[in-house]
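Structure at a glance
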Amino acid sequence: MILSDWDIRVYLEKKLLVIDPLFEDTVRENGVDLRFGEVFCRFRKSGHIIDTLRQGINDFLECFEANDEGFVINPLEHILATTLEYVELPHDLVGLVNLRSTFARYGLYIPPCFHPDSWLLGNGGIPIKAGEAGSVFDPFTGEWSTRKMVMEYQGEMVNVYIDDIPEIVTPNHKYLVFDETKSPPYDEKPAALLKPGDLVAVMRSPILKNDDLLLLPHGSARVRISDELADVIRDKVEQENLSLTKLAHTLGRSRSYVRNLINDNYGVRFNELHKMLEILGINILDVIDHIDISGFRDERVPAKNYTRKVSDVASFIGYYVGDGNSLKRYRFPVATGSDEERLTHYGEIALKLFNAPFDIKRQGDEYVLYIKSRILRDWMFEHFREGVAVYQREKRIPRTISQSSNLAISRFLSGLFDADGYSSKTEDVVLYTVSRELAIETKLLLTRLGIYASVYVKPCSRCHEGKIYAVRVNGLTSRRILRAWINNSQKSLKQLPGRETVDLIPLSLHAKKVLSSLPRDDEEMYRTLQNYIRRGRIPISEIAFVNSKLRHYKPVGWEKAINDIMSAARFRWVKVKKIETSMYEGPIIDWETRSHWHLSYATITHNTVIDSGFKGNITIELIGSTIPVKVYPKQRFLHVVLLRTSSPVYKPYAGKYQGQRGVTPPRPDELR
């Protein structure tokens, strides 16, 4: 829970929270503002290598005591600054650190940030690159934050691989990592300190979104209206005291064009009819039954056939994204596959929804579905362009699908799985595609449904770039959730593995100790628990069983053990495969969220935190803007949000920076 100004003052008055000196404007609405101290340190240019295990950096730092003339932070320069205030946090508060927006707007920043090409769920649940996103998801508050910051950066980036697609972040970007010594058993860890085998947190809960978009006929469609609608339009024109000339001017058309529209002399474009009806105060949905669409070679269908919720057509679009040919090349929708029955199924969907006739022909070893409707082709091209109007290697999830409800997404994935999916009892559910973007976006949409998937790159001699992307849905739990979402798939998902081998909850040291103390009166239970203790993990499906035994026997520390297990079970835990570094110069992206956690490429990441029990001045790394910026001692530069933990921490902070005063360089473990 975030503390309000009233709560913060109560902590200060009771001496539970110490901020010294305390100014009148220190306590803000939902946090405290801290000031620059007088000392600033910059790094000397040197060709020497700093050994982070054995060597301090005092010899590489040049520190200055700033006066009233201020201190200049040079473009893209890394500097260390300290707070004027000495801070002591009680055992039930943590502080989340952010640069005040005034300084962020000067281009300064505290550097946990994304590379603009890193993928995430943004803009209300759309798979998107960080540089293009306007918001990110806060997994603890369920809110979307739009407080985006874009800064220039020059330095090292860390590529974090939990599958074959890296997340690219600055070295200080923090991950939620399992730590068996903690309670709850996780802690934050900078990307620079991650190593292969570390368990990072992945969001388990789905992101709820129930708004289903309604699609209208495509704007360029030629339409004809009934005599009844023509009469309604004439009456409205008279009621509104509009002349045909004025109405034509509003539409940007000639008077004869409007007259021909009303008299139904020839078809006009749907978007112009829609605009005219809006001007006259007529809801297009109320009169959609009186509108027909004219197509190629006397094709004519009711406009209501193309007035559909996205969820109604999502499975058909999903199948076409998987097996359909580019609509840039064909006058009609064309799909290719080896299963004639499945092609017939989706042809019948097109016939039922759009009254579009279809034909299936055999070509060599494959079958080709021809849907003979130019109107359907143009409608798909307008609303689902990213997935149907490009070649296979360029396909992406249509934005219309991503913006719609979870039901629409599940039906889209059902069709996509019918086209490119594979499932067996012994192996994972896999979707294959030659499009890198489609694979990443599919993974992120599965994350939105509460399903964990990973992306792997496999060699493919028949593929354009010699490789194919496999989106794997891992484990019994995720496969059960997937089966529940896409139960209308034509391919069977009934086969499930016999036990959970992927979604395993790691055990804290305390939980292991308590489980080890359970009696042996039930030999089968004892062997099962010993197996979990030896492996250090519990299948998610067995947590209720383990907790029931702890409640039944009530060994010493059982309540804390259950709390550790349930805290870890809030997330999925995925191993880091590998870590790489690279140099980068360009923009980087960050957001401020209310909890200061946000969802990135399925993982949960965090901004700078002050641990419970910390005492001392706070040392902050700042990176300069693209122009020199002068700052001054005693300027308010940090905003710290204070959160109350569910209970006082078992082990308050007692690390190597406890009690630090002034600017404190990093302290290698061997030099402590």
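The preceding data block contains the structure.
Residues numbered from 1 in each chain as written. Predicted model: local features only at pLDDT ≥ 70, side-chain atom pairs only at ≥ 80, totals over all residues. Heavy atoms only, no water.

Examining the overall build of the protein
Along its length, the protein carries 18 helices and 40 strands. In the protein, of all internal contacts separated by at least 6 residues, the share reaching a separation of at least 24 is 73%. In the form shown here, the protein has an accessible surface area of approximately 30900 Å², with 47% of it arising from carbon and sulfur atoms. (Helix = DSSP H or I, 4+ residues; strand = E, 2+ residues; numbered from the N terminus. Contact = heavy atoms within 4.5 Å. Areas by Shrake-Rupley, 256 points an atom, 1.4 Å probe, with all protein chains shown as cover.)

Brief notes about the sheet that holds strand E1 (residues 18–20)
Taken in spatial order, the 3 strands of this open sheet run E1-E6-E37, and their pairing is antiparallel. The strands lining the two open edges of the sheet, one partner per strand, are E1 and strand E37 (615–616). In the sheet, strand E6 (residues 86–88) pairs with E37 via 2 bridges, with the strands oriented antiparallel. Looking at the pairing, glutamate 88 lines up with lysine 615 of E37. (Pairing = 2+ DSSP bridges.)

Section: helix H1 (residues 5–13)
For H1, the full list of buried residues reads Asp7, Ile8, Tyr11 and Leu12. Take H1 and look down its axis: the buried residues cluster within an arc of 140 degrees, on one side only. In H1, the exposed residues that point more than 90 degrees away from the buried face are Trp6 and Glu13. Taken together, the buried residues of H1 touch E1, strand E2 (32–43), strand E7 (93–99) and strand E40 (636–644). Downstream of H1 by a residue or two, lysine 15 has a phi angle that is positive, lying close to 65 degrees. (Buried < 20%, exposed > 50% of the residue type's maximum accessible area, 1.4 Å probe, protein only. Arc of directions from axis to C-beta.)

Comments concerning the sheet that holds strand E25 (residues 366–371)
The strand order across the open sheet built from 3 strands is E23-E25-E24, with neighbouring strands paired in antiparallel fashion. Edge positions in the sheet fall to strand E23 (334–337) and strand E24 (358–363), since each has one partner strand and no second. Between one strand axis and the next, the sheet turns through 20 degrees on average, direction left out of account. The pairing of E24 with E25 spans 6 bridges and is antiparallel. Looking at the pairing, aspartate 359 lines up with tyrosine 370 of E25. (Axes fitted to C-alpha atoms, helices over the stretch in contact; angles between N-to-C directions.)

Details of unusual backbone geometry
One can expect most non-glycine residues to show negative phi and most peptide bonds to be in trans. Cis geometry marks the peptide bond from aspartate 20 to proline 21, where omega comes out at 0 degrees. Locating proline 21 in the fold gives a position in the loop between E1 and E2. Geometrically, the link from serine 183 to proline 184 is a cis peptide bond, its omega value of -5 degrees lying close to zero. In the Ramachandran plot, asparagine 123 falls in the positive-phi region, its phi being about 55 degrees despite a non-glycine side chain. The phi torsion at lysine 554 lies on the positive side, around 50 degrees, for a residue other than glycine. The topology assignment puts lysine 554 in the loop between helix H17 (543–553) and helix H18 (558–568).

Let's talk about the pattern of salt bridges
Scanning the entire structure with this criterion turns up 18 salt bridges. In the salt-bridge network here, residues are joined through shared partners; they are Asp25, Arg28, Asp33, Arg35 and Arg636. (Salt bridge = Lys/Arg side-chain N within 4 Å of Asp/Glu carboxyl O.)

Concerning the packing of aromatic side chains
According to the stated counting rule, one finds 16 aromatic pairs in the structure shown. Considering the side-chain rings of phenylalanine 40 and phenylalanine 71, the 4.7 Å spacing of their centres and the 5 degrees angle between planes classify their relative orientation as stacked. With phenylalanine 40 in strand E2 and phenylalanine 71 in strand E4 (residues 71–73), the pair connects residues that are 31 residues apart, well separated along the chain. Given a relative accessible area of 0%, phenylalanine 40 falls into the buried group. Among the aromatic residues, those joined into a cluster by ring pairs are Phe36, Phe40, Phe64, Phe71 and Phe637. Positioned over the ring face of phenylalanine 23 is arginine 35, at 4.0 Å from the centre of the ring. (Phe/Tyr/Trp six-rings, centres within 6.5 Å; stacked < 30°, edge-to-face > 60°. Lys NZ or Arg CZ within 6 Å of the ring centre and 35° of its normal.)

What to know about the pairing of E7
Where burial is concerned, most of E7 is hidden: 7 out of the 7 residues are buried. Where burial is concerned, the two faces of E7 agree: the one with Leu93, Gly95, Val97 and Leu99 and the one with Val94, Leu96 and Asn98 are both buried. One ladder, built from 7 bridges, connects E7 with E40; its direction is antiparallel. Within the sheet, the bridge partner assigned to leucine 93 lies in E40 and is arginine 644.

A look at a positive patch on the surface
A grouping of Arg534, Arg535, Arg537 and Lys575 is seen on the molecular surface, where their side chains present a positively charged patch. Tracing the sequence through the fold places arginine 534 in helix H16 (residues 523–535). Its relative accessible area of 64% is what places arginine 534 among the exposed residues. (Patch = residues over 30% accessible without salt bridge, like charges linked within 9 Å, V, L, I, M, F, W, Y side chains within 5 Å. Lys, Arg positive; Asp, Glu negative; His and termini not counted. Charge placed at Lys NZ, Arg CZ, Asp CG, Glu CD.)

Concerning the pairing of strand E27 (residues 429–433)
Counted residue by residue, E27 has 4 buried out of 5 residues, so it is predominantly covered. Sheet topology note: the strand E26 (residues 421–422)/E27 ladder contains 2 bridges and is antiparallel. Paired with glycine 421 across the bridge in E27 is leucine 431. In the sheet, E27 pairs with strand E29 (residues 467–473) via 5 bridges, with the strands oriented antiparallel. For threonine 433, the partnering residue across the bridge sits in E29 and is tyrosine 469.

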